[in-house]
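The lines below spell out each chain.
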Amino acid sequence: MRHNYRHFNAAVCVDAAEGWALHLKNGGKMLVTLAGAMSTAEIGVTLAEMIRKDKVHAVCCTGANLEEDIFNLVAHEYYERVPHYRNLTPDDEQALYDRGMNRVTDTCIPEDEAIRRIENEILEIWSKADKAGESYHPYQFIYKLIESKQLEKHYQIDPKHSWLLAAQEKNLPIFVPGWEDSTLGNIFVSHVIRGDLKSFHTVKSGLELMAEMVEWYRATAKESSIGFFQIGGGIAGDFPICVVPLIRQDLEEECKLWGYFCQISDSTTSFGSYSGAIPSEKITWGKLAVDTPSFVIESDASIVAPLIFSYLLES
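Counting restarts for each chain: residues are numbered from 1 in the order of the written sequence. Since the coordinates come from a predicted model, pLDDT governs what is reported: local features require at least 70, and pairs of side-chain atoms require 80 or more to be given and counted, while whole-chain, interface and lining totals use all residues. Side-chain numbers come from the whole structure's heavy atoms, not from hydrogens or water.

### With respect to the sheet that holds strand β3 (residues 80-81)
Quick reminder of the rule: By this definition, two strands are paired if DSSP reports at least two bridges between them. The numbering of helices and of strands both runs from the N terminus, where a helix is a DSSP run of H or I of at least 4 residues and a strand a run of E of at least 2. Here, residues are in contact when the closest pair of their heavy atoms is within 4.5 Å. Here an axis means a line fitted to C-alpha atoms, over the contact stretch when the element is a helix, while the angle between two N-to-C directions is reported on a 0 to 180 degree scale.
Read across the sheet, 3 strands follow the order β3-β5-β4 without closing on themselves; strand pairing throughout is antiparallel. Among the strands making up the open sheet, the edge pair consists of β3 and β4 (101-104). Here β4 pairs with strand β5 (residues 107-110) via 4 bridges, running antiparallel. Residue pairing across strands places valine 104 opposite threonine 107, the latter belonging to β5. Running at roughly 50° to β5, helix α5 (residues 111-132) makes contact with β4 and β5 of the sheet.

### Thoughts on the pattern of salt bridges
Put simply, the rule is: A side-chain nitrogen of Lys or Arg and a carboxyl oxygen of Asp or Glu constitute a salt bridge if their distance falls within 4 Å. Each residue is placed in one exposure class: buried if its accessible area under a 1.4 Å probe, protein chains only, is under 20% of its type's maximum, exposed if it is over 50%, and partly exposed if it falls in between.
By the definition in use, this model includes 13 salt bridges. Its salt-bridge partner being lysine 149, residue glutamate 152 comes within 3.5 Å of it at the nearest N-O pair. Here lysine 149 falls in the exposed class, since its relative accessible area comes to 52%. A cluster of three or more residues bridged by salt bridges with shared partners is formed by Glu49, Arg52 and Lys53.

### Focus on the packing of helix α2 (residues 44-52) against helix α13 (residues 301-314)
Operational definition: Each crossing gets its hand from how the near helix is turned against the far one by less than a right angle, where anticlockwise is left-handed and clockwise is right-handed. Ten residues, namely Ala, Val, Leu, Ile, Met, Phe, Trp, Tyr, Cys and Pro, are considered nonpolar, four, namely Asp, Glu, Lys and Arg, are considered charged, and the remaining ones, Gly among them, are considered polar.
At their nearest, the axes of α2 and α13 sit 9 Å apart, and the two run at 35° to each other. Note on packing geometry: the crossing formed by α2 with α13 is left-handed. Residues Thr46, Leu47, Glu49 and Met50 of α2 lie in contact with α13, whose contacting residues are Pro306, Phe309, Ser310, Leu312 and Leu313. Among the residues making up the contact of α2 with α13, the classes are represented as 6 nonpolar, 2 polar and 1 charged.

### Structural notes on helix α9 (residues 206-221)
Our working rule: Multiplying 1.5 Å by the residue count of a helix minus one yields the expected span of that helix.
Helix length check: α9, at 16 residues, gives a terminal C-alpha distance of 22 Å against a target of 22 Å (1.5 Å per residue), a fit within 8%. For α9, the set of buried residues is Leu209, Met210, Met213, Val214, Trp216, Tyr217, Thr220 and Ala221. Summarising the contacts, the buried residues of α9 are in contact with β1 (29-34), β2 (58-61), β6 (174-175), β7 (226-231), α10 (234-241) and α11 (243-250).

### Observations concerning the side chain of glutamate 111
With respect to the helices, strands and loops of the structure, glutamate 111 is situated in helix α5. Since its relative accessible area comes to 19%, glutamate 111 is described here as buried. With sequence-adjacent residues up to four places away left out, glutamate 111 is seen in contact with Gly100, Asn102 and Arg116.

### Some thoughts on the environment of glycine 44
Residue position: glycine 44 is located in helix α2. Given a relative accessible area of 1%, glycine 44 falls into the buried group. Separated by 12 residues in sequence, glycine 44 and valine 32 have C-alpha atoms that sit 13 Å apart. Aside from chain neighbours lying at most four places away, what touches glycine 44 is Lys160, His161 and Trp163.

### Side note on the pairing of β2
Heads up, the condition is: For crossovers, right-handed means that the path from the first strand over the helix to the second runs clockwise, given strands pointing away from the viewer.
Side chains of β2 alternate between two faces, with Ala58 and Cys60 and Val59 and Cys61 buried alike. With 4 bridges connecting them, β1 and β2 associate as parallel partners. Among the inter-strand pairings, threonine 33 is bridged to a residue of β2, identified as cysteine 60. For the crossover from β1 across α2 to β2, the handedness is right-handed. Here 2 bridges tie β2 to β6, and the two strands are oriented parallel to one another.

Laid out in structure tokens, this is it:
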């Protein structure tokens, strides 16, 4: 990369990786955000090792990315690739649906072997908490599922390639805003409506999640500058970055701004888009400083993120 990536987006990949390395060398911590379908893209192959090597200290991701790492862990051999997905007809799509193959671009997630298998296991954990009147965040339920070891007999990939297994081993905080629009979020709601579970509050709300993030940021920022590496955009990026102005402007407390920022996105700067907003816009919202090292890589995250992670792991 150092030899070939000399200009344009390629050069920024190297700049961002070296900026991340310098941030860590100076005692900083790093939050990584995951949007899109990065877990189905098997980002865990490199992200898991980044977590194990203490180069990532917290994750904020969509509910889909939380669950799809586990789906892939237990059902990988049942997944199907559809390389020519652009040529599928509506009838072809219906045929995939009839077979229980949920398509994500060129990859199909099997309904029974992935989704329903996890439902059967996690419902027991939800039910236990529900009956005890306990409440946990989505990632904490996944950690309980991993700790139960009920899934181990179903593993179909090398466990070292699961970023969630690595995160659980490190007890990494995983902030999951908007969990209710995920597959497991939908399933949880269905069980409450049917009466299998008593309370929606068994899973903590997004407001409670933001409060937990405030506590994490306060505690971490006392000792370290915190960086922000954003893969994609949307709620996975917008939710966590707001914690700084919340502390500074709403709680009216002294608080460090984010100490490093990088986003990988192909969104354009238009239509008031958060995903396409350039870093300097965030200065006006009290999220970044004028001198915060900031990088924008306008490319495909499924290509770029593993390159940057590998750069850091080998540097």
